[in-house]
Amino acid sequence: MSTPEDKIYDAVIVGGGPIGIACAMEAKKKGLNYVILEKGTLVNSLYNYPSNMTFFSTSEKLELDDIPFISTNPKPHKQEALEYYRRIVTSNHLNIQLFEKVEKIESEDNLHKVTTSKGFYSSKNVIIATGFYDIPNYLNIPGEDLPKVAHYYGDPHFYATQKTIVVGASNSAVDAALEIYRKGGDVTMVVRGPAIGERVKYWVKPDIDNRIDEGSIKAVFNAELKEIRETEVIITSKEGDQVLENDWVLLLTGYRPNFEFLKDMGIQLSEDGKKIPQYDPETMESNVKGIYLAGVICGGMETHKWFIENSRVHAKMILEDVVKS
Ligand SMILES: Cc1cc2nc3c(=O)[nH]c(=O)nc-3n(C[C@H](O)[C@H](O)[C@H](O)COP(=O)(O)OP(=O)(O)OC[C@H]3O[C@@H](n4cnc5c(N)ncnc54)[C@H](O)[C@@H]3O)c2cc1C
């Protein structure tokens with residue numbers, strides 16, 4: 001459902017992830033006229049995380065607006081987080097439009113015209129909380145578009161008995177490799193660097209290092225995937241090329257924010273390769289007046305810098321500035 005074009009919102013919030021929801025809670029408390037526009041389901045990124053994932057944060061660090069997050073164990077499971085964020089939205093009757101993608105934002109005379117897949121909105125302020133989980137870092141190698149290749153990992157059962165290549169050495173790749181191995185998959189990790197990533201959760205790192213050392217999970221270091229074929233892959237390293245029989249390939253090499261979307265609305269990105277969007281760290285307002293940035297979108301290519309724990313504070317900062325202006 002779209003709104004009549006003559007209605008002017010105080011704030012349109014783009015993205016119904018944890019941080020978009022945090023912004024809506026603040027907007028509601030301040031009595032503002034707001035709407036969240038979300039292109040998928042509620043907390044769409046979390047909904048698409050691996051089915052068995054456990055957060056690395058303890059539940060109180062994921063809380064919004066001091067609403068208690070009760071979980072069975074200190075670190076909550078994906079399903080518990082879905083329950084928590086959904087209850088916040090439904091119990092507080094937050095104004096949210098799901099399955100409505102924001103396609104364009106044009107700013108003129110302190111007013112922003114938001115074009116979506118379903119209509120138009122006019123708003124004095126726009127908060128971009130679109131995260132980074134929608135665009136994978138593609139390897140751009142032959143065969144990457146084959147049906148056997150995935151850039152997202154869901155459930156380990158699917159890979160039982162299957163020869164599975166996992167590319168990457170960060171948390172996502174390590175979690176997938178361990179889970180698939182434990183469900184009877186034949187896992188080979190292909191790692192660009194000389195070792196498993198330093199940022200891998202400290203309680204998981206010994207597990208993956210030991211599985212690799214004992215040979216239960218194979219790993220090729222200082223290597224890259226060069227080509228993917230129907231029944232095999234080619235891995236290249238300084239020893240030369242190696243052909244491996246293969247059923248499935250998981251390319252878990254990270255994700256990136258939608259930089260074109262930001263540029264199109266006039267937001268400047270740093271030119272040092274990190275593509276950090278320009279914003280005032282006190283207010284989170286971008287270089288475009290009335291457009292604010294919230295959550296992991298602030299990190300540019302450094303997607304590990306911001307997460308729910310440390311970016312939920314953006315909501316208060318932004319809405320305080322919105323009511324001032
Ligand atoms: C496996 C995994 C485990 C993690 N564990 C933790 C943890 O333990 N603790 C922690 O703090 N963080 C964790 N994180 C990071 C955390 O999930 C993210 O930091 C968090 O989701 C950021 O919230 P966000 O609201 O900024 O972005 P997101 O949750 O990504 O939400 C962005 C939303 O915007 C929507 N959207 C995008 N483009 C558009 C558009 N054009 N129009 C409308 N809607 C749009 C998306 O569909 C999405 O729902 C983890 C991440 C992963 C991948």
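Scroll up to find the structure.
Definitions and limits used
Residues numbered from 1 in each chain as written. Predicted model: local features only at pLDDT ≥ 70, side-chain atom pairs only at ≥ 80, totals over all residues. Heavy atoms only, no water. Buried < 20%, exposed > 50% of the residue type's maximum accessible area, 1.4 Å probe, protein only. Helix = DSSP H or I, 4+ residues; strand = E, 2+ residues; numbered from the N terminus. Pairing = 2+ DSSP bridges. Right-handed = clockwise from strand over helix to strand, strands pointing away. Contact = heavy atoms within 4.5 Å. Axes fitted to C-alpha atoms, helices over the stretch in contact; angles between N-to-C directions. Near = heavy atom within 4 Å. Polar contact = N/O pair within 3.5 Å; in protein donor to acceptor, adjacent residues only side chain to side chain. Areas by Shrake-Rupley, 256 points an atom, 1.4 Å probe, with all protein chains shown as cover. Nonpolar A, V, L, I, M, F, W, Y, C, P; charged D, E, K, R; others polar. Core = buried A, V, L, I, M, F, W, Y, C linked by side-chain atoms within 4.5 Å. Salt bridge = Lys/Arg side-chain N within 4 Å of Asp/Glu carboxyl O.

Asker: Would you mind going over the pairing of strand β10 (residues 186–190) in detail, with residue names and values included?
Answerer: With respect to burial, β10 is a largely interior element, four of its five residues being buried. As paired strands, strand β9 (residues 163–167) and β10 are joined by five bridges and run parallel to one another. Residue pairing in the sheet places K163 in a bridge with D186 of β10. Tracing the backbone out of β9, into helix α4 (residues 171–182) and back to the parallel element β10 gives a crossover that is right-handed.

Asker: Requested: an account of the sheet that holds strand β8 (residues 149–150), with residues and values cited.
Answerer: Strand order in the open sheet formed by five strands is β8-β15-β9-β10-β11, and the pairing between neighbours is parallel. The strands lining the two open edges of the sheet, one partner per strand, are β8 and β11 (218–220). One ladder, built from two bridges, connects β8 with strand β15 (residues 248–251); its direction is parallel. The residue bridging V149 from the neighbouring strand is V249, located in β15. Sheet contacts for α4: β9, β10 and β15; angle to β10, the most-contacted strand, approximately 160 degrees.

Asker: Please provide a residue-by-residue account of the site of the ligand, values included.
Answerer: Residues in close proximity to the ligand total 32 residues, the closest being E38, S45, Y49, F56 and S57. Here K39 contributes a backbone N or O atom positioned 3.0 Å from a nitrogen atom of the ligand. Between E309 and the ligand, the recorded distance is 2.9 Å, taken from a backbone N or O atom to an oxygen atom. The fraction of the free accessible surface of the ligand (1,000 Å²) that becomes covered by protein chains is 93%. Breaking the shell around the ligand down by element, the ones donating at least two residues are α1 (18–29), α2 (44–47) and α7 (308–311). Looking at the shell around the ligand residue by residue, the classes come out as 17 nonpolar, nine polar and six charged.

Asker: Would you mind going over the nonpolar core in detail, with residue names and values included?
Answerer: Within the largest apolar cluster, 60 residues are counted, with the highest numbers of intra-cluster contacts made by I21, Y85, I105, I127, I128 and I318. When residues of this core are assigned to their parent elements, the largest contribution, seven residues, is made by α1. Once residues lying within four places of it in the same chain are set aside, the contact partners of Y85 are P18, I21, V43, L46, L62, L64 and I308. Grouped together as the second largest cluster of nonpolar side chains are 25 residues, V174, V191, V200 and I212 included.

Asker: I'd like a description of the sheet that holds strand β13 (residues 232–237), backed by residues and values.
Answerer: Strand order in the open sheet made by the three strands is β12-β13-β14, with antiparallel pairing throughout. Either end of the sheet is taken by a strand with one partner, and the two such strands are β12 (223–228) and β14 (240–245). This sheet shows a mean twist of 30 degrees between the axes of neighbouring strands, independent of strand direction. Two strands pair when backbone bridges link them, and β12 and β13 are joined in this way by five bridges, in the antiparallel orientation. Its bridge partner being in β13, I228 is matched across the sheet by V233.

Asker: I'd like a rundown of the pattern of salt bridges, residues and numbers included.
Answerer: Here the structure, examined in full by the defined rule, presents 18 salt bridges. Across the pair E83 and R86 runs a salt bridge whose closest N-O atoms are separated by 2.8 Å. Of this pair, E83 and R86 both sit in helix α3 (residues 78–91), separated by three residues, roughly a single helical turn. With a relative accessible area of 41%, E83 lands in the partly exposed category. For K305, the salt bridge identified is with E302, shortest N-O distance 3.0 Å. Overall, the relative accessible area of 16% leaves E302 in the buried class. Because the salt bridges share partners, they merge into one network encompassing E26, K29, D65 and K316.

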